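Read off the chains here:
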Amino acid sequence: MHDLDRRLLAALRDCGSDRRVAAAARALSCAGEHGALWLAAGLTGAALDRERRADWLRATALTAAAHLTSMGVKRVVRRPRPDAEPLGGVSPIFAGPRPSGRRPLVRTAGRHSFPSSHATSAAAAAVAYGALRPAGARLVPPLAAAMCVSRLVVGVHYPSDVAAGAALGALTAKLGSDWARSGGDRG
């Protein structure tokens, strides 16, 4: 499994050799740091959609909770990022050379990789915000998917990190979606 993870990462990381792709991936990675894009989107939804303000705030809370959950899982799993492996050397945990042979395109806030917190908050936002308005269901998922792919293009996550993060975010938001739409303790 790890060999497939490394090969997929190398193939997607190679997309970053195109300057336009690299710039877009860097921008998405920066915007998604600490869930900032998704939290701002939820707060904007709350400000603009007065009729569902409380629902937007609860959906934003779900997105934040998913992000915090992923950070907790990272501290338990402690999988090193692809960039933590010596260039051309052997990882102390996973045998084999660095996936792309190149440095990551962005710096990271932490050194642990699993799960991707960017993917977790992106998937949580896609589920939570998508349930509130049809426009959210159409607009957020493609942006969330792009956010997930960006973490591979910039070379800071393995595909399994992103897949696990997206699953964690979607599950967290789905489990809380009734609460988010019901008015909290009214339901």
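Computed from a predicted model, the values in this text were never measured in an experiment.

1. Some remarks on the overall build of the protein chain
The secondary structure content of the protein chain amounts to seven helices and zero strands. Secondary structure of the protein chain in N-to-C order comes out as α-α-α-α-α-α-α. Out of the 187 residues belonging to the protein chain, those deemed buried represent 47%. Contacts in the protein chain between residues at least 24 apart in sequence constitute 80% of all its contacts with a sequence separation of at least 6.

2. As for the nonpolar core
One finds Trp-38, Tyr-129 and Val-140 to be the most contacted residues of the largest nonpolar core, which totals 17 residues. Looking at this core, the elements that each hand over two or more residues are helix H3 (36-48), helix H4 (53-77), helix H5 (117-130) and helix H6 (134-153). Per-element tally for this core: the top contributor is H5, with six residues. Leaving out residues up to four positions away in the same chain, Tyr-129 has contacts with Trp-38, Leu-39, Ala-41, Gly-42, Trp-56, Ala-59, Thr-60, Thr-63, Gly-136 and Val-140. Counting residues in hydrophobic clusters, the runner-up holds seven residues, among them Ala-25, Leu-105, Val-106 and Val-154.

3. Considerations on the confidence of the model for the protein chain
For the protein chain, per-residue confidence averages 82 on the pLDDT scale, and residues scoring 70 or more make up 84% of the total. Averaged over each element, pLDDT in the protein chain is lowest for helix H1 (residues 2-14) (81) and highest for H3 (94). Across residues 84-100, confidence stays below pLDDT 50; counting only partners more than four residues off in sequence or on other chains, it has 40 contacts.

4. A closer look at unusual backbone geometry
Following Phe-114, the chain continues to Pro-115 via a peptide bond in cis, the omega torsion being -5°. As for its placement among the helices and strands, Pro-115 is situated in the loop between H4 and H5. A positive phi angle is found at His-34, which is not glycine, with a value near 60°. Examined against the element boundaries, His-34 turns out to sit in the loop between helix H2 (19-31) and H3. His-34 sits in the partly exposed class, given a relative accessible area of 48%. Residue Arg-78 is not a glycine yet carries a positive backbone phi of 60°.

5. Some details on the pattern of salt bridges
For the structure shown, the criterion picks out seven salt bridges. Residues Arg-79 and Asp-5 are paired through a salt bridge, measuring 3.2 Å at the closest nitrogen-oxygen approach. Here Arg-79 is found in the loop between H4 and H5, whereas its partner Asp-5 is found in helix H1, with 74 residues between them in sequence. Note on accessibility: Arg-79 and Asp-5 belong to one class, buried. A salt bridge links Asp-49 to Arg-133, with the nearest nitrogen and oxygen atoms 2.8 Å apart. Taken together, the positions of Asp-49 in the loop between H3 and H4 and Arg-133 in the loop between H5 and H6 put the pair 84 residues apart, joining distant regions of the chain. Note on Asp-49: relative accessible area 12%, which makes it buried.

6. What to know about the side chain of Asp-161
If you trace the backbone, Asp-161 turns up in helix H7 (residues 159-182). For Asp-161, a relative accessible area of 0% puts it in the buried group. Asp-161 has contacts with Arg-79, Ser-113, Phe-114, Pro-115 and Ser-116, leaving out every residue within four places of it along the chain.

7. Description of H2
Helix length check: H2, at 13 residues, gives a terminal C-alpha distance of 18 Å against a target of 18 Å (1.5 Å per residue), a fit within 8%. Within H2, burial applies to Ala-22, Ala-25, Leu-28 and Ser-29. The buried residues of H2 occupy an angular sector of 130° when the element is viewed end-on, so they sit on one face. Facing away from the buried side of H2 by over 90 degrees, the exposed positions are Arg-19, Arg-20 and Cys-30. Elements that come into contact with the buried residues of H2 comprise H5 and H6. Put simply, Asp-18 is the residue that caps the front of H2, since its side-chain oxygen is 2.8 Å from the backbone nitrogen of Arg-20.

The rules behind these values
Residues numbered from 1 in each chain as written. Predicted model: local features only at pLDDT ≥ 70, side-chain atom pairs only at ≥ 80, totals over all residues. Heavy atoms only, no water. Helix = DSSP H or I, 4+ residues; strand = E, 2+ residues; numbered from the N terminus. Buried < 20%, exposed > 50% of the residue type's maximum accessible area, 1.4 Å probe, protein only. Contact = heavy atoms within 4.5 Å. Core = buried A, V, L, I, M, F, W, Y, C linked by side-chain atoms within 4.5 Å. pLDDT = per-residue confidence, 0-100. Salt bridge = Lys/Arg side-chain N within 4 Å of Asp/Glu carboxyl O. Expected span 1.5 Å × (residues − 1). Arc of directions from axis to C-beta. Polar contact = N/O pair within 3.5 Å; in protein donor to acceptor, adjacent residues only side chain to side chain.

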